[in-house]
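An overview of the molecular structure
Each chain, written out:
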Amino acid sequence: YIIMKKLIKLTLVAVLLLSSTSLFAQKMGRINSQELISLMPETAQMQTDLQAYATELNAQIEEVQVELNNAINDFQKKQATMKDLERQVAEKNLNDINTRLEQFRQVASEDFSKKQQELFTPIQEKAMAAIEKVSKAGGYAVVIDLAAGSMIYIDEAQVTDLLPAVKAELGIK
């Protein structure tokens, strides 16, 4: 019985040693996906498109802001001669315009975020597909994304940077 226990322990130790040496023999790679995405031509186009969209949204916000400013100026000019009922109606009008402006800013911010995600998702998917293709072709068991910030130490001699190969895959010089 004691011999059997020792044999089981020895077998377990041997299995653990064999599995750990095969794990360490696997190729590991690293890449900074944020750097890769920033180098992709699609990202520059996305930034241009987002800037144009932001300009369009800001122009619409500015229109409502001008309307509010004009209403405030008009109210201030006429305020001294207004009767109570006129003043209440004018103040309500100012509050309504201000509320509309704030709601429009909120909706514009949400729309901008949606547009940003809509434009970014295909770029991210293309980068991840290229990383996967290069990783599989290179026989890498593990690829660490440095952009995730989860790595504290990397032995540069033991880990291959895949950025050059993935840039080549995407045709980036």
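Once that is clear, we can look at the overall build of the chain. Looking only at helices and strands, one finds five helices and three strands in the chain. When the helices and strands of the chain are read in sequence order from the N terminus, they spell out α-β-α-α-α-β-β-α. When the 173 residues of the chain are sorted by exposure, 23% land in the buried category. Of the contacts formed within the chain by residues at least 6 apart in sequence, a portion of 86% connects residues at least 24 apart. Accessible surface, the chain: about 12,500 Å² in total, of which carbon and sulfur atoms supply 58%.

A separate point is the nonpolar core. By size, the foremost hydrophobic cluster in this structure holds 18 residues, and its most contacted members are Ile31, Leu36, Met40, Leu162, Val166 and Leu170. Within the residue set of this core, elements represented by two or more residues are helix 2 (33-39), helix 3 (41-78), helix 4 (84-138) and helix 5 (163-170). Leu57, Ala71, Ala90 and Ala108 belong to the second-largest nonpolar core, a separate cluster that totals 13 residues.

Its location among the elements puts Ala148 in the loop between strand 2 (140-145) and strand 3 (160-161). Classification of Ala148 as exposed rests on a relative accessible area of 59%. Residues Ala148 and Gln34 lie 114 residues apart in sequence; the distance between their C-alpha atoms is 9.0 Å.

Strand order in this open sheet of three strands is 2-1-3, and the pairing throughout is parallel. Each having just a single partner strand, strand 2 and strand 3 make up the two edges of the open sheet. Where strand 1 (residues 27-31) meets strand 2, five bridges bridge the pair, whose relative direction is parallel. In the sheet register, Arg30 faces strand 2, and the bridge partner there is Ile144.

The next subject is the confidence of the model for the chain. When pLDDT is averaged across the chain, the result is 83; 79% of the residues are at 70 or more. Confidence, read as mean pLDDT per element, is least for helix 1 (residues 2-24) in the chain (51) and greatest for helix 3 (95). In this model residues 15-23 is a low-confidence stretch, pLDDT under 50, and it forms zero contacts with partners more than four residues away in sequence or in other chains. Here residues 150-154 is modelled with pLDDT under 50, and outside its nearest four sequence neighbours on either side it reaches four contacts, counting other chains as well.

This part covers the packing of aromatic side chains. Considering all chains together, one arrives at zero aromatic pairs under this definition. Taking the ring centre of Tyr53 as reference, the NZ or CZ of Lys115 above it sits at 5.5 Å.

Calculation rules
Residues numbered from 1 in each chain as written. Predicted model: local features only at pLDDT ≥ 70, side-chain atom pairs only at ≥ 80, totals over all residues. Heavy atoms only, no water. Helix = DSSP H or I, 4+ residues; strand = E, 2+ residues; numbered from the N terminus. Buried < 20%, exposed > 50% of the residue type's maximum accessible area, 1.4 Å probe, protein only. Contact = heavy atoms within 4.5 Å. Areas by Shrake-Rupley, 256 points an atom, 1.4 Å probe, with all protein chains shown as cover. Core = buried A, V, L, I, M, F, W, Y, C linked by side-chain atoms within 4.5 Å. Pairing = 2+ DSSP bridges. pLDDT = per-residue confidence, 0-100. Phe/Tyr/Trp six-rings, centres within 6.5 Å; stacked < 30°, edge-to-face > 60°. Lys NZ or Arg CZ within 6 Å of the ring centre and 35° of its normal.

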